[in-house]
Amino acid sequence: MSSLIEVAGLVVEYPGLRALDQVSFTLEAGTITALVGPNGAGKTTLMRCLCGLDRPLEGRILLAGFDVMEAPRECHARLGFLPDFLGLYDALTVAQCLQYAAAAHAIRLEIPSRITTTAARLALTPYLSQPVGTLSRGLRQRVAIGQAIIHSPKMLILDEPASGLDPEARHALAQLFHTLQAEGMTLLVSSHILAELEDYATHMLILRAGQLIEHRALGSAPAHTMLIIEFAQGQPAGLAWLAAQPAVSELVTTGATVRCLFAGDAAAQATLLHALLLAGAGVVRFGPAGADLQQSYLETVRHGQVPLS
Amino acid sequence: MNPELQRQWWLELSPARLITHGAGLGVLFVLVGLLDARFGLGFGAATPTAALLVFVCLAAWIGGQRVADALLDELRAQTWDMQRLSALSPWSMTWGKWLGATTDVWLGSLLCLAIFLQTAQSLTVSIRALFALEALGGALLVQILSLIGALALTGHPRRLKGLLGGRLVMVSSSLGYAWLAFHLGTDETVRWYGQVLPARVFCTGLLWVALVWGTLGAYRLMAETLQVRGIPWAWVSFLLFAGGVAAGGYVQPEQLPVVQLRTLAAVVLIGALGAAYLTAFNLPRDPLFARRLCGYARASQWRRVAEETPLWIVALGVGLVAVVVCVGTAGPVDDAVGPITHLGLAAFALWAYAARDLLLLLGLGFGPRAARAETTAVLILALLYWVIPALCTLLGLGAFRVGVRPPVFAGPGAASLILLVQLAGVGVWTWRAYQMRMTPQATGRT
C-alpha cells in the first residue's frame, strides 16, 4: 500500500502550551485509522492541522503528495472533514447543502447524480427538500457526513462521527465506512466510543499529552501485552519470581490474580509460562487480558504513562 | 456558476423578498412624485434627491452590512471552517460573498439610480453621469471596506467586539462618500503634480482607484484567511502608490528633483506609519509569529518569512526605507510647501515613535490580558502623548515632558536619541513578556 498522508515532526503550540510535540506518522491508503486519546491529547488539533485549518509551528504534512501548508486548496479538493460541530447551513435544504458541498469541492458535471447517490447511502432521500434546520440531530449528522463525502475525497477525517446517532444508525455508519474503504478511501476517525471504532478500524493511532504514543495495525502484536495470571492459593513464590522478570511491569495483584504488562510476543509468553511452571508456581490461568480496542488502548496509554510518571 | 454566489442567492433572493422590496420602492417613489406635484416643486426636484438618498441607504449602508454579515454569520454559525475547507479560490469566495450577499440590494439600488438619471433633468448629462459614477464607486467601496473589516475580525478571539468597529468603518466611509457627493463643487480644481485638474473628476477617479485597491486588499485578506499565502507585494505596492498619489499635492514641477524625492519619501513615510498603526490595531495578531519567522529563517525558508511577516512590520519596513531617503536627501528648507519637504532627521523620530508604540502593543499582546491589548495600548498612548505632558506643563517639569514626548521638529536629533532609548526599553520589556508567554507550561489540547 502507498502512503496517503505523511506527517513529519509536527509541532503545534499555543502561547505557553505545546499541543502537539514532534508527531510523525504515515497513513496508508485504504486504511481506517482510529484516532484515540484522552481529553486534551491533541486529537482535534491534529485533525485541524491535517485539514490545513491550523498552522503548525514546525513540521510538514503531505496529503497525496501535496504539502498542506503550501497548497491547501489542492489538498481540500482531496479531503473531506466532519467537525464535531457539523457546520451546516440551517436555512438551506438537504439537497442544496449537498449541491453546495459538491460544487465547492470543484465537482462540476455529475452533481445531481452525486446528490442522489450520497442521499441514498445515508438514507437521506426522503429529506432532500427539507431545510436542515428542521432535522433531528441524527439526520443533521448524516447531512454533514454527506457533505464530507459527496466529492469522493481520497481522505476522510471525522471528528466524533457517531455522536448523536442511534445504535441502528451507528451500525449503518460502520457499514458505510467499510464501503468507503472498499472504494479506496482512507479514513481517520476520532471517537470516544472505542467499541464503535472497533467495528471498522484497521489501525489505531494513540495520542497522549500531545505526543504520539503508538501507531499500529489492529490485530498486530502490540509492543506490550496485558497478561492475566492466576495462581493457585498460597503460591507467593510465583508472584515474586514474576515481579523479578525484566519483561514484566505494572503488576497489579487482586487476590491470587495478577495483571501485568509483558513485553514479548506469543512465543515469549509461552516461554514465560514454561519458566513459571519450572519455578514451581501453581498457575491455574495464563493468557492475554483481552484483544479488543478498548483494552488495547488502555494498555498502551497505561504503558505510555510509565516513563513520564 | 460560482458556488458561493449561488448559495448566497438561495439565501437572499427569495421571490417574496424581491416582490416586497420592489413594491416598497414603488410606493416610496409614487409618494415622492405626488409630493412634487402637490407642492409645485415639479417632477424632478424631490424625486432625484430621494432616489440618491435611497441609493446610499440601500447600496452603501444595507449593502455594507450584508457583505460583512455574509462572513460574520459564518463565524456565528460555525460554518466558516467548512468554507475554509472548500476548494473555492480566494477570488471566487471574495466576489461570491460580495455580490451574492448584495444582489437584491443592488437590484433596488440600480432602480434608484435609474430614477435619478431619468428625473434629474436640471443637471447636464455629464454631471449626472459623474454623480452616477460617484454613487456606484462609493457604494462599492463602502461594501468592500465592510468585507475587509469582517475579514479582519475572523482571527480575533472576541469577534463581537469588532462589530462596532466594522459598523463605524461602514458609517464613516459612507459619510465621507456623501460629503464627496454633496459638498464638492463641480467647478473646483486641484493641483496635482503641477497639473490643474477638475476636483470632482479627480476625486471620482481616486474613488474607483481606491475601489480597485480595496478589492485587491479584500482578496489578499481572504486568501490569507483561507491559508493561501503570498509575499506582500500588493501591500508594499499599495503603500508606495498611496504615497505617490498623496505626494501629488506637495510635489511641484519647479522643485529640484532631490526636493521632489524627499517630499515623496516624507509622504510615503507618513502614509506607511498610518498604515502600520491601522493594521497592527485591527488585523489579528498571531503571538507565535516571531517564533515561526525565526524557525523559517533558521531553515532558510525566506519565502515563508516574507509570507508570514505581519503587514504592520512590512509597513514599518517601508517607512524605514523612506526614513533613509529623507535623511539621506536632507537639505535646506523649502518654505513654499511647508515642513513636509525637509523632514530630515525628524523622519527618524517619527518612525521611532511609531515603532515604540507598536512594540508596546505587541508586548501587551504577550501579556496576561492579551485580549484587551488594543484598549490598554490606547490608554497608555493617551497617557504618553497627552496626559503626562499636560501634567508636566502644569507642574513646570519641562525636562521631564521632553523626556516623555520629545518634540520632533524643534529638536529632531535629541528627539531621536530619547526615542531610541524609549524604543530599547519597550523592546526589552516586550522580549521579557514574549519569553514568559512562550515558555511551555503544559501540553495537551483537544
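Residues numbered from 1 in each chain as written. Chains lettered and ligands numbered in written order. Predicted model: local features only at pLDDT ≥ 70, side-chain atom pairs only at ≥ 80, totals over all residues. Heavy atoms only, no water.

## Topic: the overall build of chain B
So, step 1. Each helix and strand in chain B was counted, giving 18 helices and three strands.
So, step 2. Out of the 446 residues belonging to chain B, those deemed buried represent 47%.
So, step 3. Once local pairs closer than 6 in sequence are excluded, the contacts in chain B between residues at least 24 apart make up 75%.
So, step 4. Looking at chain B as shown, the accessible area adds up to about 20900 Å², and 72% of this sits on carbon and sulfur atoms. (Helix = DSSP H or I, 4+ residues; strand = E, 2+ residues; numbered from the N terminus. Buried < 20%, exposed > 50% of the residue type's maximum accessible area, 1.4 Å probe, protein only. Contact = heavy atoms within 4.5 Å. Areas by Shrake-Rupley, 256 points an atom, 1.4 Å probe, with all protein chains shown as cover.)

## A look at unusual backbone geometry
Residues and elements named next belong to chain A.
So, step 1. For alanine 106, which is not glycine, the phi dihedral falls at a positive 70 degrees.
So, step 2. Backbone geometry places serine 152, a non-glycine residue, at a positive phi of 50 degrees.
So, step 3. Among the secondary structure elements, serine 152 is positioned in the loop between helix 5 (137-149) and strand 7 (155-159).

## Structural notes on the confidence of the model for chain A
Parts of the model with low pLDDT should not have their predicted coordinates read in detail.
Residue and element names in this part refer to chain A.
So, step 1. The predicted model of chain A averages 82 in pLDDT, with 89% of residues at 70 or higher.
So, step 2. Across chain A, the element-wise mean pLDDT spans from 58 in helix 10 (residues 293-305) up to 92 in helix 3 (residues 94-104).
So, step 3. Contacts of residues 305-309 to residues separated by more than four positions or lying in other chains number four contacts, the stretch itself having pLDDT below 50. (pLDDT = per-residue confidence, 0-100.)

## Topic: a nonpolar patch on the surface
All names here are of chain B.
So, step 1. A grouping of Leu383, Trp386, Val387, Leu391, Leu394, Leu395, Leu397 and Phe400 is seen on the molecular surface, where their side chains present a nonpolar patch of about 880 Å² in accessible area.
So, step 2. With six residues, the single largest contributor to the nonpolar patch is helix 16 (residues 373-395).
So, step 3. Here leucine 391 lies in helix 16.
So, step 4. The partly exposed category is assigned to leucine 391, whose relative accessible area is 46%. (Patch = residues over 30% accessible without salt bridge, like charges linked within 9 Å, V, L, I, M, F, W, Y side chains within 5 Å. Salt bridge = Lys/Arg side-chain N within 4 Å of Asp/Glu carboxyl O.)

## Some thoughts on helix 12 (residues 289-298) of chain B
Residues and elements named next belong to chain B.
So, step 1. Burial in helix 12 covers these residues: Phe289, Arg292, Leu293 and Tyr296. Buried residues along helix 12 cover an arc of 95 degrees about the axis, so they all sit on one side.
So, step 2. Here the buried face of helix 12 lies against helix 13 (302-308), helix 14 (311-328) and helix 15 (346-366). (Arc of directions from axis to C-beta.)

## Concerning the pattern of salt bridges
Residue and element names in this part refer to chain B.
So, step 1. All told, the structure shown has 30 salt bridges over all chains when counted by the stated rule.
So, step 2. For glutamate 4, the salt bridge is made with arginine 7, and the minimal N-O distance between the two is 2.8 Å. Here glutamate 4 pairs with arginine 7, and both are found in helix 1 (residues 3-12), just three residues apart, close to one helical turn.
So, step 3. Overall, glutamate 4 belongs to the buried group, its relative accessible area being 0%.
So, step 4. Glutamate 307 is paired through a salt bridge with arginine 303; the nearest N and O atoms lie 2.9 Å apart. Residue glutamate 307 and its partner arginine 303 are both found in helix 13; the two are separated by four residues, about one turn of the helix.

## Side note on the sheet that holds strand 7 of chain A
Residues and elements named next belong to chain A.
So, step 1. Reading across the sheet, the six strands line up as 6-7-8-3-9-10 and stay open at both edges, with mixed pairing between neighbours. The sheet is open, and its two borders are formed by strand 6 (79-82) and strand 10 (211-217), each paired with just one other strand. Across the sheet, the mean angle from the axis of one strand to that of its neighbour is 15 degrees, orientation sign disregarded.
So, step 2. In terms of strand pairing, strand 3 (residues 32-36) meets strand 9 (residues 203-208) through four bridges, oriented parallel. (Pairing = 2+ DSSP bridges. Axes fitted to C-alpha atoms, helices over the stretch in contact; angles between N-to-C directions.)

## Overview of the environment of leucine 359 of chain B
All names here are of chain B.
So, step 1. Structurally, the position occupied by leucine 359 is in helix 15.
So, step 2. Exposure remark for leucine 359: the relative accessible area of 22% places this residue in the partly exposed category.
So, step 3. When the C-alpha positions of leucine 359 and leucine 85 are compared, they lie 34 Å apart, and in sequence the two are 274 residues distant.
So, step 4. Apart from residues no more than four positions distant in its own chain, leucine 359 is found in contact with Leu423, Val426, Gly427 and Thr430.

## A look at helix 3 (residues 46-76) of chain B
Residue and element names in this part refer to chain B.
So, step 1. Taking 1.5 Å per residue, 31 residues should reach 45 Å; helix 3 reaches 42 Å between its end C-alpha atoms and fits that length.
So, step 2. Taken as a whole, helix 3 carries its principal kink of about 35 degrees at alanine 70.
So, step 3. With 22 of 31 residues buried, helix 3 lies mostly within the body of the structure. (Expected span 1.5 Å × (residues − 1). Bend = angle between axes of the 7 residues up to and from the residue.)

## Description of the packing of aromatic side chains
So, step 1. This model, assessed by the stated rule, comprises 15 aromatic pairs over all chains.
So, step 2. Look at phenylalanine 348 of chain B and tryptophan 351 of chain B: their rings are 6.1 Å apart centre to centre, the planes differ by 25 degrees, and that puts the pair in the stacked class. Here tryptophan 351 of chain B and phenylalanine 348 of chain B lie together in helix 15, a separation of three residues that amounts to about one turn. The pair phenylalanine 348 of chain B / tryptophan 351 of chain B is uniform in exposure class, with both members buried.
So, step 3. Considering the side-chain rings of tyrosine 385 of chain B and tryptophan 386 of chain B, the 5.9 Å spacing of their centres and the 45 degrees angle between planes classify their relative orientation as tilted.
So, step 4. Residue tyrosine 385 of chain B is classed as buried on the basis of its relative accessible area, which comes to 18%.
So, step 5. Taken together, the aromatic side chains of Trp213, Trp235, Phe238 and Phe241 of chain B make up a single cluster linked through ring pairs.
So, step 6. Taking the ring centre of tyrosine 89 of chain A as reference, the NZ or CZ of arginine 7 of chain B above it sits at 4.1 Å.
So, step 7. Here the guanidinium or amino end of arginine 7 of chain B rests over the ring plane of tyrosine 100 of chain A, the centre of that ring lying 5.4 Å away. (Phe/Tyr/Trp six-rings, centres within 6.5 Å; stacked < 30°, edge-to-face > 60°. Lys NZ or Arg CZ within 6 Å of the ring centre and 35° of its normal.)

## Digging into the packing of helix 3 of chain B against helix 7 (residues 125-153) of chain B
Residue and element names in this part refer to chain B.
So, step 1. Running from N to C, helix 3 and helix 7 cross one another at 20 degrees; their axes reach a closest spacing of 8 Å. Of the possible angle classes, the one that applies to helix 3 and helix 7 is roughly parallel. Considering the relative orientation of helix 3 and helix 7, their crossing is right-handed. For the pair helix 3 and helix 7, the contacting residues are Leu52, Phe55, Ala59, Ala60, Gly63, Gly64, Gln65, Val67, Ala68, Leu71 and Leu72 in the first and Phe131, Ala135, Leu136, Ala139, Val142, Gln143, Ser146, Leu147, Ala150, Leu151 and Leu153 in the second. (Parallel < 35°, antiparallel > 145°, perpendicular 65-115°, else oblique. Left-handed = near helix turned anticlockwise from the far one by under 90°.)

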